[in-house]
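Each chain, written out:
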Amino acid sequence: MDATSITEKEIVLVILYTSFFFIILAVVLIVFFYFSRKKIIQKEIEKKDAEIFHQKELLKAVIETQEAERKRIAQDLHDDISSKLNVVALNAHLLATPNLSTTDLEKIKSNVITLTGKALENSRKIAHDLLPPVLEKFGLDAGVEELCMEFSSAKGVQVIYENEVAFEESEIRKQLHVFRILQELLNNSIRHGKATIITVTFLNEGEYTKCMYTDNGIGFDAGDCTHQKGLGLKNIESRISFLKGKLSFYSEVSKGVQVEFVF
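Residues numbered from 1 in each chain as written. Predicted model: local features only at pLDDT ≥ 70, side-chain atom pairs only at ≥ 80, totals over all residues. Heavy atoms only, no water.

Section: the overall build of the chain
Logical step 1: Helix and strand counts for the chain come out as seven helices and five strands.
Logical step 2: Sequence-ordered secondary structure for the chain, helices as α and strands as β, is α-α-α-α-β-α-β-β-α-α-β-β.
Logical step 3: Out of the 263 residues belonging to the chain, those deemed buried represent 27%.
Logical step 4: A separation threshold of at least 6 residues defines the contact pool for the chain, and within that pool the share at least 24 residues apart is 66%.
Logical step 5: In the form shown here, the chain has an accessible surface area of approximately 18000 Å², with 60% of it arising from carbon and sulfur atoms. (Helix = DSSP H or I, 4+ residues; strand = E, 2+ residues; numbered from the N terminus. Buried < 20%, exposed > 50% of the residue type's maximum accessible area, 1.4 Å probe, protein only. Contact = heavy atoms within 4.5 Å. Areas by Shrake-Rupley, 256 points an atom, 1.4 Å probe, with all protein chains shown as cover.)

Comments concerning the environment of G217
Logical step 1: Turning to its location among the elements, G217 is positioned in the loop between β3 (208-215) and α6 (225-228).
Logical step 2: G217 sits 24 residues away from G193 along the chain, and the two C-alpha atoms are 4.5 Å apart.
Logical step 3: The residues contacting G217, other than those within four sequence positions of it, are G193, K194, A195, S254, K255 and G256.

Concerning the sheet that holds strand β4 (residues 246-251)
Logical step 1: Spatially, five strands are ordered β1-β2-β3-β5-β4 in an open sheet, and the strand pairing comes out mixed. The sheet is open, and its two borders are formed by β1 (158-163) and β4, each paired with just one other strand. Taken pair by pair, the neighbouring strands of this sheet meet at an average axis angle of 10°, ignoring direction.
Logical step 2: With six bridges joining them, β4 and strand β5 (residues 257-262) adopt antiparallel strand pairing. Residue pairing for β5: L247 is matched across the bridge by F261.
Logical step 3: Seen against the sheet, helix α4 (residues 140-155) touches β1 and β2 (197-205) and runs at an angle of roughly 165° to β1. (Pairing = 2+ DSSP bridges. Axes fitted to C-alpha atoms, helices over the stretch in contact; angles between N-to-C directions.)

A few points about unusual backbone geometry
In most cases, non-glycine residues show a negative phi, while peptide bonds are predominantly trans.
Logical step 1: With a phi angle near 55°, K244 is a residue other than glycine that sits in the positive phi range.
Logical step 2: Considering the arrangement of structural elements, one finds K244 in the loop between α7 (231-242) and β4.
Logical step 3: The phi angle at S254 is positive, at roughly 70°, despite the residue not being glycine.
Logical step 4: Turning to its location among the elements, S254 is positioned in the loop between β4 and β5.

A look at the nonpolar core
Logical step 1: Core analysis: the biggest nonpolar cluster contains 31 residues, and V144, L182, V200, F202 and F261 have the highest contact counts within it.
Logical step 2: Only α4, β1, α5 (172-191), β2, β3, α7 and β5 provide two or more residues apiece to this core.
Logical step 3: Counting residues per element, this core draws most heavily on α5, which supplies six residues. (Core = buried A, V, L, I, M, F, W, Y, C linked by side-chain atoms within 4.5 Å.)

Things to note about α5
Logical step 1: The end-to-end C-alpha distance of α5 is 28 Å, a good match for the 28 Å that 20 residues give at a rise of 1.5 Å each.
Logical step 2: Listing the buried residues of α5 in full gives Q175, H177, V178, F179, R180, I181, L182, L185, L186 and S189. (Expected span 1.5 Å × (residues − 1).)

Quick look at the environment of I197
Logical step 1: Structurally, I197 can be placed in strand β2.
Logical step 2: Take I197: its relative accessible area is 35%, and that puts it in the partly exposed class.
Logical step 3: Here the alpha-carbon distance between I197 and I160, two residues 37 residues apart in the chain, equals 7.7 Å.
Logical step 4: In this structure, I197 is in contact with V157, Q158, I160, T214, D215 and N216, ignoring residues within four places of it in sequence.

So yeah, pure geometry; function would need other evidence.
The structure is reproduced here in structure tokens:
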């Protein structure tokens, strides 16, 4: 009877200890998964915060770029057009002066014609900067080809352009973003990179389009954050974001720049 009682007590103790062990194990697992989940959620929050901050930076870059463009256009309108039209108006008032000699009359007419012509030329230039006519009428391929030719002739740099993509005529707004990206890259290559040879290539990448851009300029340290925070790069990133595309770039000092973006 005693032996049986001891055995039952031992069994009860074993059950109690086993139950206690599993309870502790369950509590430990619950605590572990709680803190693990909390850590994962914290990382997700930090990732979302980083994405939101990046989007804010891109939006800020867009606003700054737009403000810079507005300021430049306003300056052009004031300096190039408004000032010339003021002189034209002044000369037009002079035509009402009595007893003007034939020489003075011809001189005033010549001034009016010359200044009006320059004002028209400058207004066309401003309109061209806002939306290149070739891009609007003939699409991205013709627009980029003209852009490359302009840089080759005006900047003394060899720009090699190749394209195997048939761009949709209806996507002019999308194409304008691509055009501005290349415009920014070309300006950076010449102004900062001192490049003499530039290549621009459009390739089919499944249902997407890839643009490959290279130059032989002085390059820069891609790991240096100061280069990545420039307004030019932020402007490019913001346009890539609008295109729902992907951007990658590579550069080393004295090894030029390689840029790829898919859209």
